[in-house]
Amino acid sequence: MLGLALFGVLLSTCTSGPRAGDAPDRRGELVERPGDSIGRRGDEIVVAGRFFHTGVPVVLWSDPGGYDAYRTDRVFARAGAAAGDGGGATEQRAARFGTRFEKSLDAGMLALVRREGWTLDELRERVDQFVLHYDACGTSRACFRVLHDVRGLSVHFMIDVDGTIYQTLDVQERAWHATIANDRSVGVEIANIGAYGFDEADPFDRWYAIDERGPRITIPPDQGDGGLRNPHASLRPARREIVAGEVHGRVLRQFDYTPEQYESLAHLSAALSVALPRIALEAPRDASGRVLTRALSSEEWRAFHGILGHDHVQENKADPGPAMDWDGVLRRARAVRSGVTLGGPAPVAR
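Residues numbered from 1 in each chain as written. Predicted model: local features only at pLDDT ≥ 70, side-chain atom pairs only at ≥ 80, totals over all residues. Heavy atoms only, no water.

1. Section: empty space enclosed by the protein
Where empty space is left becomes clear once a probe the size of a water molecule has been rolled over the atoms. Cut-off, in case you're wondering: Grid spacing is 1 Å over the protein atoms alone, the probe is 1.4 Å, and a cavity is where that probe fits but cannot get out, while a pocket is an open set with protein on both sides within 12 Å along at least five of seven lines and lining residues have an atom within 4 Å of a point. Grid points are joined across faces, edges and corners, and a volume is the space filled by probe spheres set on the points. Only Asp, Glu, Lys and Arg are considered charged, only Ala, Val, Leu, Ile, Met, Phe, Trp, Tyr, Cys and Pro nonpolar, and every remaining residue, Gly among them, polar.
What the rule picks out here adds up to two cavities of 30 Å³ or more. Every residue lining the largest cavity is listed: Gly138, Val161, Ala191, Asn192, Ile193, Trp207, Tyr208, Ile217, Asp256, Tyr257 and Gln261. Tallied by class, residues from the lining of the largest cavity come to seven nonpolar, three polar and one charged. Its boundaries defined by the atoms lining it, the second largest cavity holds a volume of some 30 Å³. Around the second largest cavity, the lining residues are Ala69, Phe144, Leu147, Leu153, Ser154, Val155 and Thr168. The class makeup of the residues in the lining of the second largest cavity is five nonpolar, two polar and no charged.

2. Quick look at the pattern of salt bridges
The cut-off we apply is this: We define a salt bridge as a contact between a side-chain nitrogen of Lys or Arg and a carboxyl oxygen of Asp or Glu at a distance within 4 Å. Only DSSP runs of H or I with at least four residues qualify as helices, and only runs of E with at least two residues qualify as strands; both kinds are numbered from the N terminus onward. The buried label applies to any residue whose accessible area, calculated with a 1.4 Å probe on protein chains only, is under 20% of its type's maximum; exposed applies above 50%, and partly exposed to all values in between.
Here the structure, examined in full by the defined rule, presents 22 salt bridges. Between Arg250 and Glu200 there is a salt bridge, and its shortest N-O distance comes to 3.1 Å. With a gap of 50 residues between them, Arg250 in strand S14 (residues 250–254) and Glu200 in the loop between strand S10 (196–197) and helix H4 (204–207) connect regions that are remote in the sequence. With relative accessibility at 34%, the residue Glu200 sits in the partly exposed group. The network of salt bridges with shared partners includes Glu282, Arg285, Asp327 and Arg334.

As structure tokens, this is what we get:
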């Protein structure tokens, strides 16, 4: 059973993305022959060239309208192009990602990984953290523009306000999203305009309107339609009130994430914990069992295997912010993993 009502059919049933091959690969598994059907449903993420089902809509970098972090040109570069219209971009830059553990691999292993990629088993030994960010951009389209075109950074996943998951890179790549955690982590940017102190100006009036049902996301006119795909999304925070809470000893205010985002995050977390079992469905906690609101010490960070915030990695970051319902996400992710067949990995050659 799918956790969300998938708006119409599941986004795509095409077989774009990782392609079928005709022989065993370095992973030691048979892959499909030319002409074989992969059976793509449109809810798969890609880990080391393998599909893993999530149960919620996923748009891959190779899908129509996907966000491709493998590109070396600026996606939104054309003068006068609407946000989301990548046509005409020609400026070339260096890649926005790298090879995991590049500095610690010997020359032979580094050459092999660069040539053939990581195997699933190799990733399972090494990747053990899932880092949550808010994008402070409001929509995934705006987030990708800032990351890719402006800052020259990358992240594996984005979750838009309507619950759509975008994957921009195979999880085997070293995305640039969380400094010291990049080698061992998967990253996700969750669309949310961010958290602000009581003494700071905030963009809440620009991004939210209040009606009889409470706050609702209102995408500013200069963002066009925001690139949203789910016409049935509530676009409402999961909680009506602004959430205030402490991060790094400072009280911040934030509108909550949408129910669709929470559901997609739970499904994505569950799928990653199946694909990469060292990512435990747990967050950093203090002695009383509460999720930490500070950065981990070096020793704590090295020992932690699971789901954590950018604020747990860096003292100068506040995301995913005080609104993140850690216990709710983890509880739902465990339920998804135990009660829903996630499938995979389907053996698919890159």
